[in-house]
Each structure stands twice: as C-alpha cells, then as structure tokens.
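Commentary on secondary and tertiary structure
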Amino acid sequence: MKINSSLSGLGPELIAKHIIKELGLNIREPTDLYYVACRLNIVVRKKKIAKGILGACKVVGLKRLVIIDPEIVNIGRERFTLAHEIGHIVLRHGMRCCRKEDFFWDSKKTNIEHDANLFAAELLMPTDSLKDIAQQKDITLDLIEEIASERNVSKGTQGDGSFVLT
Ligand SMILES: [Zn+2]
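Here tyrosine 35 is to be found in helix H2 (residues 33-39). By C-beta crowding, tyrosine 35 is classed as exposed, having 11 other C-beta atoms within 10 Å. Spatially, the C-alpha atom of tyrosine 35 lies 9.3 Å from that of leucine 23, the residues being 12 residues apart in sequence.

Set out below in structure tokens:
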C-alpha cells in the first residue's frame, strides 16, 4: 500500500481509518501491527536505541524503518509504541526518537507527538468498533479495561488522574 500524498490534508485519525479500510482490517480483533507495517513497507526491528528512547523511526529514500526498545516488557506499551512510530512515518514527520513522555496522552498538546498518539489510538482501538460496543453496553472503567486487555492495549492514568494510553 502506498502512503498517498492525497492523505496529507487529513487528520491523524482519518488517516488511520483510511489505512484500516484499505487493508481490510477487522476492527473487532486486535490490530496486527506487523501486518500493517509490512503492507506499508515498514521494516520493524527490536534494538536498544539510546537511554530513555522507547521507539524511533526514519525514512531513507524508499526504506522505512521503525526501531522498538526490546526492554519494553508490557505488550500493550510495546504495541502502542509501534503504532505511534508507524504514525510518525505515515504522517511524514521525518526521523524521530521518542521518549516515554512523548506517549503520554495530553489533549492540550498539539504537536506531532500528539498526532502520532492520535493515529496509534485509532489504529489500536478504532472508534467505529467502540461505537458498536457503546451502543450495547454502558461505558464504564471496567469496560474500557476489558476492551484494552482484549486488544492488548494498556490503560493507565497520569498523576493528575487524566486518562492515558501508555
Ligand atoms: Zn513520537
């Protein structure tokens, strides 16, 4: 699948939705990020990058590379890191080295890290699939936890109590 330049005017969530649709992903199942990366011609490697860096990405010519810290033990965090780095590549952010704080969810932030988080959240927990669930059940913290663990996405809260995907 080509990362089409016509996507560049769209927001991160819409671009993630577009990719889900184009690749025919089943939004009711955990997103297979390695499949997504492969279809986008992104090579994924697990390698220690530098102290404090959880994920990095770069594009050199036609080569697209994502590197994930192998010491990330939480599978949900690893998946979010990978989805976030795929986001940087798809959103054409150039080379990035991302630290823990770059993955914090802060709706007040409007920067490329936040855009990569929006992309990752949509890819891992497509809003369309959540709408289906919300119509059937009341949204509770238990339900969010249930969905997050079903989809291998970790859920956490920051010190101020705001919701974060980590
Ligand atoms: Zn980042």
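If you look at the biggest cluster of nonpolar residues, it comprises 30 residues, and the most contacted ones within it are Val66, Ala83, Ile86, Phe119, Ala120 and Leu124. Put simply, the parts of the chain that give this core at least two residues each are helix H1 (12-22), H2, strand S2 (53-60), strand S3 (63-68), helix H3 (75-90) and helix H4 (112-124). A total of seven residues in this core trace back to one element, the largest contributor, which is H4.

Strand order in the open sheet made by the four strands is S1-S3-S2-S4, with mixed pairing throughout. Each edge of the open sheet is held by one strand with a lone partner, namely strand S1 (42-46) and strand S4 (96-99). Strand-to-strand twist in this sheet, taken as the mean axis angle between neighbours without regard to direction, amounts to 15 degrees. In this structure, S1 lies alongside S3, joined through five bridges in parallel fashion. Its bridge partner being in S3, valine 43 is matched across the sheet by leucine 65. Strands in contact with H3 are S1, S2, S3 and S4; relative to S2, the strand with the most contacts, it is inclined by about 30 degrees.

Of the pairings in the sheet, the one linking S2 to S3 comprises six bridges and is antiparallel in character. If you follow valine 59 over to S3, its bridge partner there is arginine 64. Connecting the antiparallel pair S2 and S3 is a turn made up of two residues, with glycine 61 showing a positive phi of about 60 degrees.

Quick look at the pairing of S2 now. Alignment of S2 against S4, held across four bridges, turns out to be antiparallel. Bridge pairing in S4 links isoleucine 53 to arginine 99.

Assignment of secondary structure puts leucine 10 in the segment before H1. For leucine 10, a count of 13 C-beta atoms within 10 Å puts it in the partly exposed group. Taking C-alpha positions, leucine 10 is 9.5 Å from leucine 91, a pair spaced 81 residues apart along the chain.

For H4, with 13 residues, the first-to-last C-alpha span of 18 Å sits near the 18 Å given by 1.5 Å per residue. Counting buried residues along H4, 11 of its 13 residues qualify, which places the element largely inside the surrounding structure. Turning to H4, its buried residues are Glu113, Asp115, Ala116, Asn117, Leu118, Phe119, Ala120, Ala121, Glu122, Leu123 and Leu124.

Moving on: the packing of H3 against H4. Where H3 contacts H4, the axes come no closer than 8 Å and their chain directions differ by 120 degrees. Comparing the axis directions of H3 and H4 gives the class oblique. In this structure, the crossing between H3 and H4 has a hand that is right-handed. Residues Arg79, Phe80, Ala83, His84, Gly87, His88 and Val90 of H3 form the contact with H4, whose participating residues are Ala116, Asn117, Phe119, Ala120, Leu123 and Leu124. A per-class count over the contact of H3 with H4 returns eight nonpolar, four polar and one charged.

Counting all residues, the mean pLDDT for the chain is 85, and 86% of those residues have values of 70 or more. pLDDT under 50 marks residues 157-166. Its contacts with residues more than four places away, or in other chains, come to 19 contacts.

Rules behind the numbers
- Residues numbered from 1 in each chain as written.
- Predicted model: local features only at pLDDT ≥ 70, side-chain atom pairs only at ≥ 80, totals over all residues.
- Helix = DSSP H or I, 4+ residues; strand = E, 2+ residues; numbered from the N terminus.
- Buried ≥ 20, exposed ≤ 12 C-beta atoms within 10 Å, placed from the backbone.
- Core = buried A, V, L, I, M, F, W, Y, C linked by C-beta atoms within 7 Å.
- Pairing = 2+ DSSP bridges.
- Axes fitted to C-alpha atoms, helices over the stretch in contact; angles between N-to-C directions.
- Contact = placed C-beta atoms within 7 Å.
- Expected span 1.5 Å × (residues − 1).
- Parallel < 35°, antiparallel > 145°, perpendicular 65-115°, else oblique.
- Left-handed = near helix turned anticlockwise from the far one by under 90°.
- Nonpolar A, V, L, I, M, F, W, Y, C, P; charged D, E, K, R; others polar.
- pLDDT = per-residue confidence, 0-100.

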